[in-house]
Amino acid sequence: MSLIRHPATAKWYDRRDCVFIEFLVEDSKDVNVNFEKSKFGFSCLSGTDNMKYSNEIDLFESIDQDGSKHRRTDRSILCCLQKAESGKSWPRLTKDKAKLNWLSVDFNNWKDWEDDSDEDLGNYDRFSEMMGNMGGEDDLPDLDGADDESADSDDEKMPDLE
């Protein structure tokens, strides 16, 4: 096992009440997320190559540690940092303007929410409800039979290669 700690690649985006950070580590284990008022820490072990990842961020603004949550999937760890001051835009994630080579903006999820109407709050409320209903890894929602061993239409026997 590698004793050297590497920063995990991450993407982030801003919303009205939260800042989201997604750490792109596949098959992660031993995930540790530490929410502090003005600092955020993340570490895990990659299941694919047993590489140790560790990130620490001095945040642009304060967060509500109790309202912040994270969720692990097979492909990434999504963290929802609840802003201490809701409705205030974060122009960057970090306190300092330094460029971190492992951190980038998630343009697929980025929006200028300051110009949006309140109708988009419904999307946040649905996500917030999902995050609120989450427990640990054992409490993940049913994925509609994703683990069913019943035959699918594409589970037919493949012809032998010649």
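Residues numbered from 1 in each chain as written. Predicted model: local features only at pLDDT ≥ 70, side-chain atom pairs only at ≥ 80, totals over all residues. Heavy atoms only, no water.

You'll find the protein entered in an unreviewed UniProt entry as Prostaglandin E synthase 3, with Carassius auratus given as the organism. Per its UniProt entry, the protein bears the Catalytic activity (unreviewed entry) comment "prostaglandin H2 = prostaglandin E2". Entered under Subcellular location (unreviewed entry) in the UniProt record, the comment concerning the protein runs "Cytoplasm". (UniProt positions renumbered as here; feature names shortened; annotations may be inferred.)

Asks: Pulling in residues and values, what's your account of the environment of Glu85?
Replies: Within the fold, Glu85 resides in the loop between β8 (77–82) and β9 (103–105). On the basis of relative accessible area, Glu85 is assigned to the partly exposed category, the value being 49%. (Helix = DSSP H or I, 4+ residues; strand = E, 2+ residues; numbered from the N terminus. Buried < 20%, exposed > 50% of the residue type's maximum accessible area, 1.4 Å probe, protein only.)

Asks: Now, about the nonpolar core: what can you tell me, with residues and values included?
Replies: The biggest cluster of nonpolar side chains holds 23 residues, and the ones touching the most others in it are Ile21, Phe23, Phe40, Phe42, Leu59, Leu81 and Leu93. Only β2 (10–14), β3 (18–23), β4 (28–35), β5 (39–46), β6 (52–58) and β8 provide two or more residues apiece to this core. Every residue in contact with Phe42, bar those within four places of it in the chain, is listed here: Ala8, Phe23, Val31, Asn32, Val33, Tyr53, Ser54, Asn55 and Ile77. One finds Tyr13, Cys18, Phe20 and Cys80 within the second-largest nonpolar core, a separate group that totals five residues. (Core = buried A, V, L, I, M, F, W, Y, C linked by side-chain atoms within 4.5 Å. Contact = heavy atoms within 4.5 Å.)

Asks: Break down the pairing of β6 for me, citing the residues and quoting the values.
Replies: The side chains of a regular strand alternate between both faces of the sheet. Bridge analysis of strand β1 (residues 5–6) against β6 gives two bridges, and the strand direction is parallel. Bridge pairing in β6 places His6 opposite Tyr53. Taken together, the seven bridges between β5 and β6 define a ladder with antiparallel strand orientation. The residue bridging Ser43 from the neighbouring strand is Ser54, located in β6. Following β5, the chain reverses through five residues before pairing antiparallel with β6; Asn50 in that reversal takes a positive phi of roughly 55°. (Pairing = 2+ DSSP bridges.)

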